[in-house]
Amino acid sequence: MTELSQERRLVTSIPGPKSQELMARKVAAVPSGVGVTLPVFVTRAGGGVLEDVDGNSLIDFGSGIAVTSVGNSAEAVVRRATAQLADFTHTCFMVTPYEGYVEVAEQLNELTPGDHEKRTALFNSGAEAVENAVKIARAYTKRTAVVVFDHGYHGRTNLTMALTAKNMPYKEGFGPFAPEVYRVPLAYGYRWLTGAENCAEEAAAQAIDMITKQVGAENVAAIVIEPIAGEGGFIEPAKGFLPKIVEFAKANGIVFVADEIQTGFCRTGQWFACEDEGIVPDLITTAKGIAGGLPLAAVTGRAEIMDAAHVGGLGGTYGGNPVACAAALGAIETMKELDLNARARRIEEVMKGRLLAMQEKLADSATVNIGEVRGRGGMIAVELVEPGTKNPNAAATAALAKACHAAGLVVLTCGTYGNVLRFLPPLVIGEDLLNEGLDIIEGAFARV
Ligand SMILES: *Cc1c(COP(=O)(O)O)cnc(C)c1O
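Here the structure is a predicted model, which means the values were calculated and not measured.

**Observations concerning the site of the ligand**
Around the ligand, the neighbouring residues are Ser-125, Gly-126, Ala-127, Tyr-153, His-154, Gly-155, Glu-226, Asp-259, Ile-261, Gln-262 and Lys-288. The contact in question runs from an oxygen atom of the ligand to an N or O atom on the backbone of Ala-127, over 2.8 Å. In the environment of the ligand, a nitrogen atom lies 3.4 Å from a nitrogen or oxygen atom belonging to the backbone of Tyr-153. For the ligand, the protein covers 82% of the area, taking 380 Å² as the surface of the free molecule. Tallied by class, the residues present in the shell around the ligand amount to three nonpolar, five polar and three charged.

See below:
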């Protein structure tokens, strides 16, 4: 097979004729509930590009939603997973165990914040990890209530739909939802009514007031929060908010769970986004970037909490599949070897520099303003508003994403108001491709 060349190359319109044919088959064979952002069918991918069935090569600013941080088919991932495939594919860790699972657990216990004694349990998906974190917190505290935040996203299973804030498309028509879930305000500085400078203090006070007055702190098993709200719009809670929530949890015997499924594994320029404010969670959930694209997820946390569930209470047929574990060890090896934390910080520097310049240039645009440029590392977004206001501009966001797609750049949207354009490039992307992607975004802004 020829080397995948790291360049954007368009030989048909996007999507091309072969992709359109496959899309017709998809429509006939797959339920429409499984949506598609950009209907190009991929044949190969690696570094910073995706190649499609029509021979186009697209720049990837999505990483399959923050999954292929080490790049697609990264060398160490392929090498280790291939060797494991040839040795054995499955035994079920709960029946006859294997070393790879334990090795991944050891790595996670070492890499996650805090030097206390830890344990790690492995699962298949992010939602499953969050469900298990709640199970473990309930078993440990013997309490039932779970507190989550505005703009939070935690998955699509029944419990995690209940934990997720946004109705459309995640929850609409899929209820009733799991009980004993309570939602409190998040410190969203850009939209805080009394201003960003008051946000951390006021939002924390409101959240704590709601927990103590409406739920009762003594009934709360867990507080679950993303250190940067991902699907909710790449919202970084105002500095000082997270430490206040952690302090409250600690004072009240509540298990503090950091959902780092999107932010973990070098994505934000640190192993975990919690480190930014020195936060040491009791439990941390991970998935997405963990295994270079193979399905794997984990709950890592304090030994005494993790060991609270009775023998046989945790697990699943495929949890910690040996091939996925081998891939995870390859992904972690790649992150260390290439220092992907440093790469992520460089991506932030390049992207924010150019996006802030675009924000200034668009300041007197008649169609769209960039309200805020935010995020950390390789997790950067722009929130788009109507000119001279903070009114969310979802129409411009959709149009911009479409223009980028047509030009051969994969970008995603997000946000409670659908007005956030988000960028999650593979952390191994070359700087020329990164800049070419930003050129496309700039061109799209100029035309919208
Ligand atoms: C993606 C995501 C999940 C759900 O993970 P799945 O693997 O899709 O089940 C949960 N929490 C956060 C923060 C996520 O970004």
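On we go.
**Things to note about the layout of surface pockets**
Put simply, the second largest pocket is a space of about 520 Å³. What lines the second largest pocket is a set of 20 residues, among which Phe-93, Tyr-101, Thr-120, Ala-121 and Leu-314 lie closest to the centre. Take the lining of the second largest pocket: its biggest share by element is five residues, from strand E4 (residues 118–123). Broken down by class, the residue content of the lining of the second largest pocket amounts to eleven nonpolar, seven polar and two charged.

**Re the pattern of salt bridges**
Tallied over the entire structure, the rule returns 24 salt bridges. Between Asp-276 and Arg-376 there is a salt bridge, with the nearest N and O atoms lying 3.6 Å from each other. Of this pair, Asp-276 sits in the loop between strand E8 (255–259) and strand E9 (283–286) while Arg-376 sits in strand E11 (residues 369–376), and the two are 100 residues apart along the sequence. Assessed through its relative accessible area of 32%, Asp-276 is described here as partly exposed.

**Observations regarding the environment of Ala-308**
Mapping Ala-308 onto the fold places it in the loop between helix H9 (303–306) and helix H10 (322–337). Taking the relative accessible area as the measure of exposure, Ala-308 reaches 32% and is therefore partly exposed. For the pair Ala-308 and Ala-139, spaced 169 residues apart in the sequence, the C-alpha separation amounts to 5.9 Å.

**So, the domain arrangement of the chain**
Taken domain by domain, the chain consists of domain 1 (17–73 + 340–447) and domain 2 (76–337). Between the C-alpha centres of domain 1 and domain 2 the distance comes to 25 Å. Here domain 1 packs against domain 2, burying approximately 3100 Å² in sum over the two surfaces, 54% of which is carbon and sulfur. Counting the contacts that link domain 1 with domain 2 gives four salt bridges. For Glu-383, the salt bridge is made with Arg-191, and the minimal N-O distance between the two is 2.7 Å. For the side of domain 1 that touches domain 2, the secondary structure elements donating two or more residues are helix H2 (63–66), helix H11 (340–361), E11, strand E12 (379–385) and strand E15 (420–423). By residue class, the composition of the side of domain 1 that touches domain 2 is 19 nonpolar, 14 polar and seven charged.

**Some remarks on the environment of Leu-242**
Along the chain, the position of Leu-242 falls in helix H8 (residues 241–251). The class for Leu-242 is buried, based on a relative accessible area of 6%. In this structure, the C-alpha to C-alpha distance between Leu-242 and Glu-226, residues 16 residues apart in sequence, is 9.8 Å. When sequence neighbours within four positions are dropped, the list of residues in contact with Leu-242 reads Ile-225, Pro-227, Pro-237, Glu-277 and Ile-279.

**Some points on H8**
Residues Phe-241, Leu-242, Ile-245, Val-246, Phe-248 and Ala-249 constitute the buried set of H8. The buried residues of H8 occupy an angular sector of 160° when projected down its axis, which confines them to one face. Within H8, the exposed residues directed more than 90 degrees away from the buried face are Glu-247, Lys-250 and Ala-251. Against the buried residues of H8 lie strand E5 (145–149), helix H7 (196–215), strand E7 (220–225) and E8. Phi for Gly-253, located one or two positions after H8, is positive at around 65°.

Rules behind the numbers
Residues numbered from 1 in each chain as written. Predicted model: local features only at pLDDT ≥ 70, side-chain atom pairs only at ≥ 80, totals over all residues. Heavy atoms only, no water. Near = heavy atom within 4 Å. Polar contact = N/O pair within 3.5 Å; in protein donor to acceptor, adjacent residues only side chain to side chain. Areas by Shrake-Rupley, 256 points an atom, 1.4 Å probe, with all protein chains shown as cover. Nonpolar A, V, L, I, M, F, W, Y, C, P; charged D, E, K, R; others polar. 1 Å grid on protein atoms, 1.4 Å probe; cavity = no way out; pocket = protein on both sides within 12 Å on 5 of 7 lines; lining within 4 Å. Points joined across faces, edges and corners; volume = space filled by probe spheres on them. Helix = DSSP H or I, 4+ residues; strand = E, 2+ residues; numbered from the N terminus. Salt bridge = Lys/Arg side-chain N within 4 Å of Asp/Glu carboxyl O. Buried < 20%, exposed > 50% of the residue type's maximum accessible area, 1.4 Å probe, protein only. Domains from an automatic or database assignment. Buried area = accessible area lost by both parts, 1.4 Å probe. Contact = heavy atoms within 4.5 Å. Arc of directions from axis to C-beta.

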